[in-house]
Each structure stands twice: as C-alpha cells, then as structure tokens.
Amino acid sequence: MQIGDLIRRAGRQFGAAPALVEGERVVTFAEFDALTDRLGHALLARGLEPGDRVAALLPNGIDGVVVYYALAKSGLVRVPLNARETRHELAFKIEDSQARALVVAGDAPAPVEITIPVDDLPSMIADAPDGPCDVRRDPDAPLRLAYTGGTTGKPKAVVLTTRSELAEVDNFLVDLLPNLRPDSVMLHAAPITHGSGAFFLPHLVKGAANVIVPKFSPAAFLEAAQKHRATSTFMVPTMIGMLVEDPATAAAASSGDLALERLCYGGAPIATTVLQRGIDVLGPVFTQLYGQAEAPLAITCLQPWEHTPERLTAAGKPYTFVEVDIRDAEGRSLGVDEVGEVLTRGPHTMDRYWRRPEATAETKDADGWVHTGDIGRWDAEGYLHLLDRRHDVIISGGFNVYPREVEDALLAHPAVVEAAVVGLPDEKWGERVTAAVVTRTDADPEEIRGFCTDRLAGFKRPKTVEIWAELPTSPVGKSLRREVRDRMLSRAELAGARHEDREDA
Ligand code: AMP
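Some details on the sheet that holds strand 9 (residues 185–188)
Then, number 1: Sheet architecture is open: 9 strands sit in the order 2-1-10-9-11-12-13-14-15, paired in mixed fashion. The sheet terminates laterally at strand 2 (25–28) and strand 15 (317–318), the two strands that pair on one side only.
Then, number 2: With 2 bridges connecting them, strand 9 and strand 11 (residues 232–235) associate as parallel partners. Each bridged residue has a counterpart across the sheet, and for Leu187 the counterpart in strand 11 is Thr233.
Then, number 3: Set on the sheet, helix 6 (residues 162–176) makes contact with strand 12 (262–266), strand 13 (286–292) and strand 14 (295–302); between it and strand 14 the angle comes to about 15°.
Then, number 4: Contacts from helix 8 (residues 218–228) reach strand 1 (18–22), strand 9, strand 10 (209–212) and strand 11 within the one sheet, and its direction differs from that of strand 9 by about 165°.

Here's what the structure looks like:
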C-alpha cells in the first residue's frame, strides 16, 4: 500500500466532507485527492524525478499539506523545513538533503535548481492534467527526511519510508486515537512540520477533518477548538504552559464549549506542575507521547486514565506494536528500577540517517534496535520513567545528576517559569550543577537556591542560580541546554572569572 492509496480511498469514501480547514478555507476529501494528483503531475512536469528531494518552507497551513501529499503521490521525497529556523540552519538542511527543488513562501534561504514560490501553486495545479498521480515506490525507499532537533551537534536527517509512515498510522490508530469517527476533528496548532503532522493521516483515513491554526496563541487555539469542536490536538509542553496560564482557558472549559477528547503532548519533558494544572483546567484528556525523530512520536505513551498524581513523571508504557528495552553499557537488558539507555525497535523507526553511515551504525544496531540516547528506568508496573538525555547527565562529585530532576524542583518554585540546568567544569566536583531560570516576578536567586534544599539531595542542588530574561529554545520549543552552557562558559572565559565554591554539597 502507498500513502496515495489512502488519500484516493478517503476521497471516494468521504467526498464532500471537509478534509482540511484553515480559517475560511475548506478543502473537501474529493478536492484534496484531486489537488494532490494535479500538483504531483505538475512537479514531475518540472523535470523532477522520483527519489528527488523537495524541500518545503511554508507557513502552517493547507498549502503545506497539499505539497506534502503531492510529493507522496509523485514519488518525491519531502524535506519539511521550519520557517522559525535561521537562514543558516535552513541553508544547511537544503544543502545536506541535496534538495533539487524548494517550495517556498518568501525568499529562498539557499540556491536550489528549481524554486517554486508558493504563489505559483494555484496556476501549477490549474494547468496540470487530471487523473491519478500514482508513482509506486518501494516500501523501504525514502518518503521523507526529518531533521533531528539538533539539541546536540549538527542536525542529522532521519530517513522515513512508506513502511515507517504506515506503521506510525497503525500505532496512532491502535493506541492513541482508537475511536476516530468522521465527526472527529484534529486541531493543528503546533508546526505541522513536526509532531502535529503525524496526526493528518490517521484522521484522514477515518474521514475526520484536520483544522490548521497558522500560528499558536491560547486565544487562537481556543477560538478554533470551540468553533470546530476539536476532539484531538497536539502540543509541545511550552504551549500547554501558555494555555493553562491564560484565564480564558478555564472559562472555555467550564462553559462546556470544548469537545477535546485527547490533548496529546510530547517532544520534551513537561514540568509536573504544568501538567497537573492542565488536568485541573481541561480534565482527563492529556496523553503523553514519547518519541524522537528516529522513532516518530511512538516509543511509549501515557494514557489519560494513567495520569494519576504519582505517575505524572512517567513517560508511559510502550505502544502495543513497539518494542522497548532498557540496557546497560554492556548491552544487558535491565529490570525494574535499574537505570540505563532506552532502546526501541519497530517498523515505524527510521531506516537510517541520511548520508551518515557512521551515525547510523552508532544509533541503529544490527538487530534493528534504535539507541535513543535517553536514560530511563522501568517501574514495577511497567511504566517507563525518563531521567534525561545521556549527553546532558551531569557528573558532580562522582554522582550522576539528571538536569531534568533539578529543573522540576526549580519549577515547583512559584516564581520560576522556565529552568535550564547544566554542568560547568569544576576543579573540585568535576562538574558543578548550575541553573538559569526565568522568573515571573522579581526573585532572589539565593532564595530559589534555598527552596531546593528540601527537594534535592545536596549533590543535586544548583551551586549557582542565575536569573535570565529568557532561555534559548529550538524553533519547536525544546530547551537548548547546550546553548545555555556555552553562554555561561564563554562569559566565564571573558571575565576570567574564578568561581568561589559553596560548600553545601
Ligand atoms: P527530537 O528527535 O528532536 O524529536 O527529540 C527527541 C527527544 O526529545 C527524545 O529523545 C527525548 O529526549 C525528548 N522527548 C521526547 N518526548 C518526550 C517526552 N514525552 N518526555 C520527555 N522527553 C521527551
């Protein structure tokens, strides 16, 4: 089966029903099938050949979706780019993917052989022949390239195939969205280039509409959710924080105007305070997804009914058809409460990294297990608890400190809205736990440090807390601890500052 087959069948089955909605613009299932066929023909008519990479740098909206699925039908390989990235990052990805074409709103960040301004799409579609565009591709050939978050080193692209995409749809339909009906509605408020994009196909195949909000704000989200009676949505943790802080959210929820059945979230750790507040305001709709570009959104999930107070720090249980194992450095499978690296295997995982055989060999072993780089443990009920990224673990005085645990303790302070914890080199301790926080009101760093005393063992407590105006985040809202650390280090170098130890470990 090909992705285009699903679109064609949905076009026949749900013809006049709305498939895509963005503001006042509505595209029916039959129209979506026809638009993607025509654009597929038009792309091939420009001289592109199956297997060629086509980058897309577009705002969150219907055009992007039409482009993505036209590429699927025409055998081309989609490279979604996020407009919030810098020109430099975008140029790197265009070059690295060896894109032959770029569909772009605005200026192209790097030269490509074929540039297609988004404004040309209507005429390309109008001039193209009718009839199915149906380039069959090997199920293991690249369908799309997804760049990793780039929280460490240069971004790498993972190669996802038709096989992995269909497996992802399976995972979603079995574990996350088992009750989809034609009157279900998915609200895309996060970038469709990332996590939210994985929700299109499961909704499409069941005849449900996908509504896109071009730019997230709590107000825009609430308006669309009420107007369209959205039943599912996807957010990254920062968006949930913004949503629950807004008094309009509680008002909308208590008025009964929200129809949300699933608010899926993931992509980064969430502070338990934010999550609990979300549940208090919006009810038992939260569904956590843990995944990574190498295993898109589907390693484990924590279902709404599993969000009990003692389990809010868990990442959930493996999806039904996904294998997950925790292993030590020697590759032995670990049991309850033993800490090691999380591994996952299944048809939805990446085929390989694009043009990076060494990185592929490091990440995906001969048995098909993907080494996630995340450190975790199982609890006695089979829930996975993530401690942190392997590379972010701080070793202070010989003890492992997981920055996430320290960040969680800081976030419990009423004035702290964001926190990033890093290790800086230290003569005495090896590494010194250091925190940068953003506060809601004026706050005293020493008081915040003191606040951690009851919550954290001495070796985990930040030796220094700095108050920053904002913390660096990636375009999808991931905290960039590496960047925090780099800034602290370069400042320390500049000042030639000598650190005074505080003897509280
Ligand atoms: P990316 O490949 O950019 O999507 O980043 C994936 C990484 O984000 C994972 O390896 C985790 O470290 C982190 N992550 C994703 N989902 C979660 C989650 N639900 N809880 C905690 N961390 C997460």
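Things to note about the pattern of salt bridges
Any two side chains of opposite charge can pair if their charged atoms end up close together.
Then, number 1: Counted by the stated rule, this structure contains 38 salt bridges.
Then, number 2: In this structure, Arg163 engages Asp140 in a salt bridge whose closest nitrogen and oxygen atoms are separated by 2.7 Å. Residue Arg163 is found in helix 6, and its partner Asp140 is found in the loop between helix 5 (121–127) and strand 7 (142–147); the two are separated by 23 residues along the sequence.
Then, number 3: Judged by relative accessible area, which is 41%, Arg163 ranks as partly exposed.
Then, number 4: Across the pair Arg449 and Glu446 runs a salt bridge, and its minimum N-O distance is 3.2 Å. Residue Arg449 and its partner Glu446 are located together in helix 14 (residues 445–451), separated by 3 residues, close to a single helical turn.
Then, number 5: A residue is classified by how much of its surface remains accessible, and Arg449, at 12% relative accessible area, is buried.
Then, number 6: When salt bridges with common partners are traced through the structure, they connect Asp5, Arg8, Asp33, Asp37, Lys73, Asp134 and Arg136 into a single cluster.

Regarding unusual backbone geometry
Then, number 1: Unlike most non-glycine residues, Leu297 shows phi in positive territory, near 55°.
Then, number 2: Within the secondary structure layout, Leu297 lies in strand 14.
Then, number 3: Phi angles above zero are rare outside glycine, and Arg355 is one such case at about 55°.
Then, number 4: Assessed through its relative accessible area of 44%, Arg355 is described here as partly exposed.

Focus on the packing of aromatic side chains
Then, number 1: Summed over all chains, the structure comprises 7 aromatic pairs.
Then, number 2: Taken together, a centroid distance of 5.4 Å and an interplanar angle of 55° make the contact between Phe14 and Phe29 tilted. With Phe14 in helix 1 (residues 3–14) and Phe29 in helix 2 (residues 29–45), this pair connects stretches of sequence that are 15 residues apart. Take Phe14 and Phe29: they sit in the same class, and that class is buried.
Then, number 3: A centroid spacing of 4.9 Å and a plane angle of 65° characterise the contact between Phe172 and Phe199, whose relative ring orientation is edge-to-face. One end of the pair, Phe172, is in helix 6; the other, Phe199, is in the loop between strand 9 and helix 7 (200–205), with 27 residues separating them in the sequence.

Some remarks on empty space enclosed by the protein
Then, number 1: In the structure shown here, the tally under the stated rule is 2 cavities of 30 Å³ or more.
Then, number 2: Its volume calculated, the largest cavity comes out at about 50 Å³.
Then, number 3: Forming the walls of the largest cavity are Gln2, Ile3, Gly4, Arg8, Ala72, Lys73, Cys133, Asp134, Val135, Arg137, Leu143 and Thr162.
Then, number 4: If you list the elements that add at least two residues to the lining of the largest cavity, you get helix 1 and helix 3 (62–73).
Then, number 5: The biggest single contributor to the lining of the largest cavity is helix 1, with 3 residues.

Considering the pairing of strand 20 (residues 384–389)
Then, number 1: In terms of burial, strand 20 is largely enclosed, as 5 of its 6 residues are buried.
Then, number 2: Inspection of the sheet shows strand 19 (residues 370–378) paired to strand 20 by 5 bridges, in the antiparallel sense. Looking at the pairing, Asp374 lines up with Arg389 of strand 20.
Then, number 3: Hairpin connection of strand 19 to strand 20: 5 residues between the antiparallel strands, including Gly382 at a positive phi of 90°.

With respect to the site of the ligand
Then, number 1: Around the ligand sit 14 residues in total, of which Gln288, Leu289, Ala293, Asp374 and Arg389 are the nearest.
Then, number 2: Here Gln288 contributes a side-chain N or O atom positioned 2.8 Å from a nitrogen atom of the ligand.
Then, number 3: Asp374 places a side-chain nitrogen or oxygen 2.6 Å from an oxygen atom of the ligand.
Then, number 4: Residue assignment for the shell around the ligand shows that the elements contributing at least two residues are strand 13 and strand 20.
Then, number 5: For the shell around the ligand, the element with the most residues is strand 13, which contributes 5 residues.

Things to note about the sheet that holds strand 19
Then, number 1: Spatially, 16-17-19-20 is the arrangement adopted by the 4 strands of the open sheet, whose pairing is antiparallel. For this open sheet the edge positions go to strand 16 (323–327) and strand 20, each flanked by a neighbour on one side alone. Going across the sheet, the axis of each strand differs from the next one's by a mean of 45°, ignoring polarity.

Side note on the domain arrangement of the protein
Then, number 1: Under the domain assignment, the protein is made up of domain 1 (1–6 + 29–137) and domain 2 (393–504).
Then, number 2: Between the C-alpha centres of domain 1 and domain 2 there is a distance of 43 Å.

Description of the pairing of strand 3 (residues 53–57)
Then, number 1: Counting buried residues along strand 3, 5 of its 5 residues qualify, which places the element largely inside the surrounding structure.
Then, number 2: Of the two faces of strand 3, the one lined by Arg53, Ala55 and Leu57 and the one lined by Val54 and Ala56 are each fully buried.
Then, number 3: As judged from the 5 bridges shared by strand 3 and strand 4 (residues 77–81), these two strands associate in the parallel manner. Each residue of the ladder has a partner; that of Arg53, found in strand 4, is Val77.
Then, number 4: Taken together, strand 3, helix 3 and strand 4 constitute a β-α-β crossover, and its handedness is right-handed.

How each quantity is defined
- Residues numbered from 1 in each chain as written.
- Predicted model: local features only at pLDDT ≥ 70, side-chain atom pairs only at ≥ 80, totals over all residues.
- Heavy atoms only, no water.
- Pairing = 2+ DSSP bridges.
- Helix = DSSP H or I, 4+ residues; strand = E, 2+ residues; numbered from the N terminus.
- Contact = heavy atoms within 4.5 Å.
- Axes fitted to C-alpha atoms, helices over the stretch in contact; angles between N-to-C directions.
- Salt bridge = Lys/Arg side-chain N within 4 Å of Asp/Glu carboxyl O.
- Buried < 20%, exposed > 50% of the residue type's maximum accessible area, 1.4 Å probe, protein only.
- Phe/Tyr/Trp six-rings, centres within 6.5 Å; stacked < 30°, edge-to-face > 60°.
- 1 Å grid on protein atoms, 1.4 Å probe; cavity = no way out; pocket = protein on both sides within 12 Å on 5 of 7 lines; lining within 4 Å.
- Points joined across faces, edges and corners; volume = space filled by probe spheres on them.
- Near = heavy atom within 4 Å.
- Polar contact = N/O pair within 3.5 Å; in protein donor to acceptor, adjacent residues only side chain to side chain.
- Domains from an automatic or database assignment.
- Right-handed = clockwise from strand over helix to strand, strands pointing away.

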